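# Structural features, examined
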Amino acid sequence: MPDKEKVRKLFDEIAPVYDPLNHLLSFHIDKRWRKKAVRPLDREKVGKLLDVACGTGDFAIVACTNGIPQIDSIDISDVMLGVGNKKIAALGMQKKIRLQQGDCENLCFADETFDAVTVSFGVRNFEHLDKGLREMNRVLKKNGQVVILEFSMPGSFPVKQLYSFYFKSVVPAIGGFISKNKQAYQYLPDSVSRFPRGNDFLQIMRECGFREVACKQLTFGIASIYTGLK
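Residues numbered from 1 in each chain as written. Predicted model: local features only at pLDDT ≥ 70, side-chain atom pairs only at ≥ 80, totals over all residues. Heavy atoms only, no water.

## What about the pairing of strand β4 (residues 114-120)?
- Among the seven residues of β4, seven are classified as buried, and the element is accordingly described as predominantly covered.
- Here six bridges tie β4 to strand β5 (residues 140-151), and the two strands are oriented parallel to one another. Within β5, the position partnered with S120 by the bridge is L149.
- As a crossover connection, the stretch from β4 through helix α5 (residues 129-139) into β5 is right-handed. (Buried < 20%, exposed > 50% of the residue type's maximum accessible area, 1.4 Å probe, protein only. Helix = DSSP H or I, 4+ residues; strand = E, 2+ residues; numbered from the N terminus. Pairing = 2+ DSSP bridges. Right-handed = clockwise from strand over helix to strand, strands pointing away.)

Here it is as structure tokens:
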């Protein structure tokens, strides 16, 4: 898994262009994926939600829009959080969403604090995946939900070949040109290709204390939603 300090520095550097580039490079499909990832949450039971590796707060905003009343969000990048706070203020959501710097491997919350924990396109950035997942499990209440949205790799022809070319060649070229940081957008396909996915990731979730785990693929397998209970 990637080095935590390198990840923090990388996202600090691309924070000003992170949102527009994400939407551009995904053809705005990332917005639809986040909306789908909110659906598994039992909104009648989720009073407090923790969004881990929240970035600029996009998932927290979608969750708030869909009726989650209280959301704590953490990320290691202060600059990303700064962008997120401006978005949340513009939407008038400051009383419902709180962003703060935090480490996914050492969460600053007591045991069994939250009804649900989410991660949107951030779990592959954990330096120690099992430690981060166990911390998420620790702060969940009994029977609490976990929802993880992450990139995956399609497996069927010709989607696999087309996506591989776009992800490994086009994304670094466009992302690097606009952000002036080619390394950051080379990191994206590299981190996705290394990350355990599908049944491999479900097994890791089980080993970290989650039960009734499941995976739902999105858009030919380009992204996946992983769910489970404590």
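## Quick word on the packing of aromatic side chains
- Taken as a whole, this structure holds 10 aromatic pairs when the rule is applied.
- On the numbers, 5.8 Å between centres and 50° between planes, the contact of F151 with F167 is tilted. Here the residue F151 occupies a position in strand β5, and F167 occupies one in helix α6 (residues 159-179), the gap between them amounting to 16 residues. Per residue, the accessibility class of F151 equals that of F167, and both read buried.
- Relative to Y226, the ring of F201 lies with its centre 4.7 Å away and its plane at 70°, an arrangement referred to as edge-to-face. With F201 in helix α8 (residues 199-207) and Y226 in strand β7 (residues 223-229), this pair connects stretches of sequence that are 25 residues apart. Neither residue differs from the other here; F201 and Y226 are each classed as buried.
- Counting every residue linked through ring pairs, the aromatic cluster contains W33, F121, F151, Y163 and F167.
- Residue placement shows K48 over the ring face of F114; its charged tip is 5.5 Å from the ring centre. (Phe/Tyr/Trp six-rings, centres within 6.5 Å; stacked < 30°, edge-to-face > 60°. Lys NZ or Arg CZ within 6 Å of the ring centre and 35° of its normal.)

Everything listed is a geometric property; what it means functionally is a separate question.
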